[in-house]
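Structural overview
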Amino acid sequence: MHYLITGHTGFKGSWLSLLLEMKGHTVSGIGLDPVEKSLYEQANISDLFQKDLRIDIRNRDAIKKAVEQVDPDVVIHLAAQPLVRESYRTPLETFETNVIGTLNVLEATRNLNNLKAALIITTDKVYKNHNKSRGYVETDELGGDDPYSASKAAADIASQSWIKNFSRSPFAIARAGNVIGGGDWAQDRIIPDLVNAYTNNEIPALRYPDAVRPWQHVLDCLNGYLVLIDQQITQGLSGEWNFGPTSGERHSVKDLVDCFAKAWAWDSLPWTVDSRIVEREANLLLLDTTKARTLLNWKDKLNFEESVSWTCNWYRSELTQFERTREQIQQYLNLA
Ligand SMILES: NC(=O)c1ccc[n+]([C@@H]2O[C@H](COP(=O)([O-])OP(=O)(O)OC[C@H]3O[C@@H](n4cnc5c(N)ncnc54)[C@H](O)[C@@H]3O)[C@@H](O)[C@H]2O)c1
């Protein structure tokens, strides 16, 4: 099967490209140049793509031409401006990329003859956040206060409308929780912040230590996407799907940091609070994943502690980034 991944030069895109290649698929990618220190660059994965294209998804004509040229069996749309803090700095660009860019990708698939399924990736942050103590279900109201969440909620609603009216094969939307895993070097994300701090022998300063998030290992999240795509192709499934940790698991940022510090064997003060933060972020965010667990028979294979320890092991490994990523994918595929 030939997969086209938008955002293949990013964190999830690099893991997903390797995972698909190891499963025997052909992979092409559309994205921007990788950022400095990215997994894509450091693991040197450019050779695995049949077509490795650098196109801005805001450019409607270019994206249409490229998607038609690739002519994939499956499209997975990951490309986005995915950072909350960056969205406060560049709100318009964030909306353009996340909303218009997503519509451009959808529109570009319209005349594909071989397309068997497409999956649009939004996020757990699309739900209108009421600090609910239960997880959000797929039918809950969408909305967002910060520009990133609002742009993703808008992209989700726009995709639902486009899919309802124009798709000729099964299209679905996946909303996953906060993923952790090796090879994430993005600014303002907790794991890269910790790795940078520990490597420089500094005490990390946390922005929202009490914020609760649906943490999940990147491979559990990507496996969810692929299980869904299989059933889109074989059973014609579509709709919206949450992927996240087992319901009832509830871990704050400081739980994650404490667990990571232990795995790293960091013996100094684990963290302090960064008091300079002015941007707002929701305090409590949980996902209800019953739909994916019951209808797709999907389940996460790594619990919270395992997810953190796999992540820590990746950053501490002596292997090359390419080898350690492949090693963890193989280990994951070997799990029942
Ligand atoms: N990482 C998480 O915890 C998380 C959680 C929920 C949802 N998501 C979603 O998953 C997807 C991937 O996230 P990630 O963590 O891999 O992000 P990332 O920043 O590592 O990768 C983003 C990718 O999108 C591409 N991109 C950005 N703007 C583009 C543009 N204008 N044109 C073409 N390509 C563009 C980048 O080049 C890169 O390949 C995003 O849609 C994000 O919203 C991520």
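Described below are features of the structure shown in this document. Note that this is a predicted model, so its numbers are computed, not measured.

Definitions and cut-offs
- Residues numbered from 1 in each chain as written.
- Predicted model: local features only at pLDDT ≥ 70, side-chain atom pairs only at ≥ 80, totals over all residues.
- Heavy atoms only, no water.
- Axes fitted to C-alpha atoms, helices over the stretch in contact; angles between N-to-C directions.
- Helix = DSSP H or I, 4+ residues; strand = E, 2+ residues; numbered from the N terminus.
- Parallel < 35°, antiparallel > 145°, perpendicular 65-115°, else oblique.
- Left-handed = near helix turned anticlockwise from the far one by under 90°.
- Contact = heavy atoms within 4.5 Å.
- Nonpolar A, V, L, I, M, F, W, Y, C, P; charged D, E, K, R; others polar.
- Polar contact = N/O pair within 3.5 Å; in protein donor to acceptor, adjacent residues only side chain to side chain.
- Near = heavy atom within 4 Å.
- Areas by Shrake-Rupley, 256 points an atom, 1.4 Å probe, with all protein chains shown as cover.
- Buried < 20%, exposed > 50% of the residue type's maximum accessible area, 1.4 Å probe, protein only.
- Salt bridge = Lys/Arg side-chain N within 4 Å of Asp/Glu carboxyl O.
- Phe/Tyr/Trp six-rings, centres within 6.5 Å; stacked < 30°, edge-to-face > 60°.
- Lys NZ or Arg CZ within 6 Å of the ring centre and 35° of its normal.
- Pairing = 2+ DSSP bridges.

**Here we look at the packing of helix α5 (residues 91-108) against helix α6 (residues 147-166)**
Remark: α5 packs on α6, axes separated minimally by 9 Å, with the N-to-C direction vectors making an angle of 20°. Considering their axes alone, α5 and α6 lie roughly parallel with respect to each other. Taken as a pair, α5 and α6 cross one another with a handedness that is right-handed. For the pair formed by α5 and α6, the contact residues are Pro91, Thr94, Phe95, Asn98, Val99, Thr102, Leu103, Leu106 and Glu107 on the first element and Pro147, Tyr148, Ala150, Ser151, Lys152, Ala154, Ala155, Ala158, Ser159 and Trp162 on the second. Partitioned by chemical class, the residues of the contact of α5 with α6 number 12 nonpolar, five polar and two charged.

**Here we look at unusual backbone geometry**
With a phi angle near 60°, Asn201 is a residue other than glycine that sits in the positive phi range. Looking at where Asn201 falls in the secondary structure, it is placed in the loop between α7 (190-199) and β8 (205-206).

**Comments concerning the environment of Thr294**
Within the element layout of this structure, Thr294 appears in helix α10 (residues 290-295). Here the side chain of Thr294 touches Thr290 through a polar contact of 2.7 Å, landing on its backbone oxygen.

**Digging into the site of the ligand**
Taken together, the neighbourhood of the ligand is formed by 27 residues, with Thr9, Phe11, Leu78, Tyr148 and Lys152 sitting nearest. Between an oxygen atom of the ligand and a main-chain N or O atom of Gly10, the distance comes to 2.9 Å. Between an oxygen atom of the ligand and a side-chain N or O atom of Lys152, the distance comes to 2.8 Å. When the ligand is considered free in solution it has 830 Å² of accessible area, and contact with the protein chains removes 90% of it. Put simply, the parts of the chain that give the shell around the ligand at least two residues each are α1 (11-22) and α6.

**Some words on the side chain of His217**
Mapped onto the elements, His217 comes out in strand β10 (residues 216-217). Taking the relative accessible area as the measure of exposure, His217 reaches 0% and is therefore buried. Excluding its chain neighbours within four sequence positions, the residues that come into contact with His217 are Ile180, Gly181, Leu302, Ser307, Trp310, Thr311 and Gln328.

**Points about the pattern of salt bridges**
Applying the stated criterion across every chain, the model contains 19 salt bridges. For Glu21, the salt bridge identified is with Arg326, shortest N-O distance 3.1 Å. Of this pair, Glu21 sits in helix α1 while Arg326 sits in helix α12 (residues 321-334), and the two are 305 residues apart along the sequence. Put simply, Glu86 and Arg89 hold a salt bridge, and the shortest N to O gap is 3.1 Å. Highlighted residues: Glu86 and Arg89, both in helix α4 (residues 84-89), separated by three residues, approximately one helical turn. Residue Glu86 is classed as partly exposed on the basis of its relative accessible area, which comes to 23%. Among the ionic contacts, a cluster of salt bridges with common partners joins Arg85, Glu86, Arg89, Asp188, Asp193 and Arg207.

**Some words on the environment of Gly101**
Relative to the helices and strands, Gly101 is located in helix α5. Sequence-wise, Gly101 and Arg58 are 43 residues apart; in three dimensions their C-alpha atoms are separated by 4.7 Å. The residues contacting Gly101, other than those within four sequence positions of it, are Ile57 and Glu96.

**Observations regarding the packing of aromatic side chains**
For any pair of aromatic rings, geometry is given as the distance between the ring centres together with the angle between the planes. In the structure shown here, the tally under the stated rule is 13 aromatic pairs. Judged by centre distance (5.8 Å) and plane angle (35°), the ring pair of Phe260 and Trp264 falls under tilted. With Phe260 and Trp264 both in helix α9 (residues 253-264), this residue pair falls four residues apart, about one helical turn. For Phe260, a relative accessible area of 0% translates into the label buried. For Trp264, a relative accessible area of 8% puts it in the buried group. Among the aromatic residues, ring-to-ring pairing joins Tyr198, Phe260, Trp264 and Trp266 into one connected group. Cation over ring: Arg316 sits above Trp264, and NZ or CZ is 4.2 Å from the ring centre.

**Description of the sheet that holds strand β2 (residues 26-31)**
Pairing is parallel across the open sheet formed by seven strands, whose spatial order is β3-β2-β1-β4-β5-β6-β11. The sheet is open, and its two edges are formed by β3 (49-54) and β11 (239-243), each paired on a single side. Strand-to-strand twist across the sheet, computed as the mean angle between neighbouring axes with direction ignored, equals 15°. Examined bridge by bridge, strand β1 (residues 2-6) and β2 share five bridges and lie parallel to one another. Within β2, the position partnered with Thr6 by the bridge is Ile30.

**Examining the packing of helix α8 (residues 218-235) against α12**
Running from N to C, α8 and α12 point in directions that differ by 60°, and their axes come no closer than 11 Å. Our classification of the angle between α8 and α12 gives oblique. α8 and α12 meet at a crossing whose hand is right-handed. Residue-level contacts link Leu219, Asp220 and Asn223 of α8 to Gln328, Ile329 and Tyr332 of α12. Split into classes, the residues belonging to the contact of α8 with α12 amount to three nonpolar, two polar and one charged.

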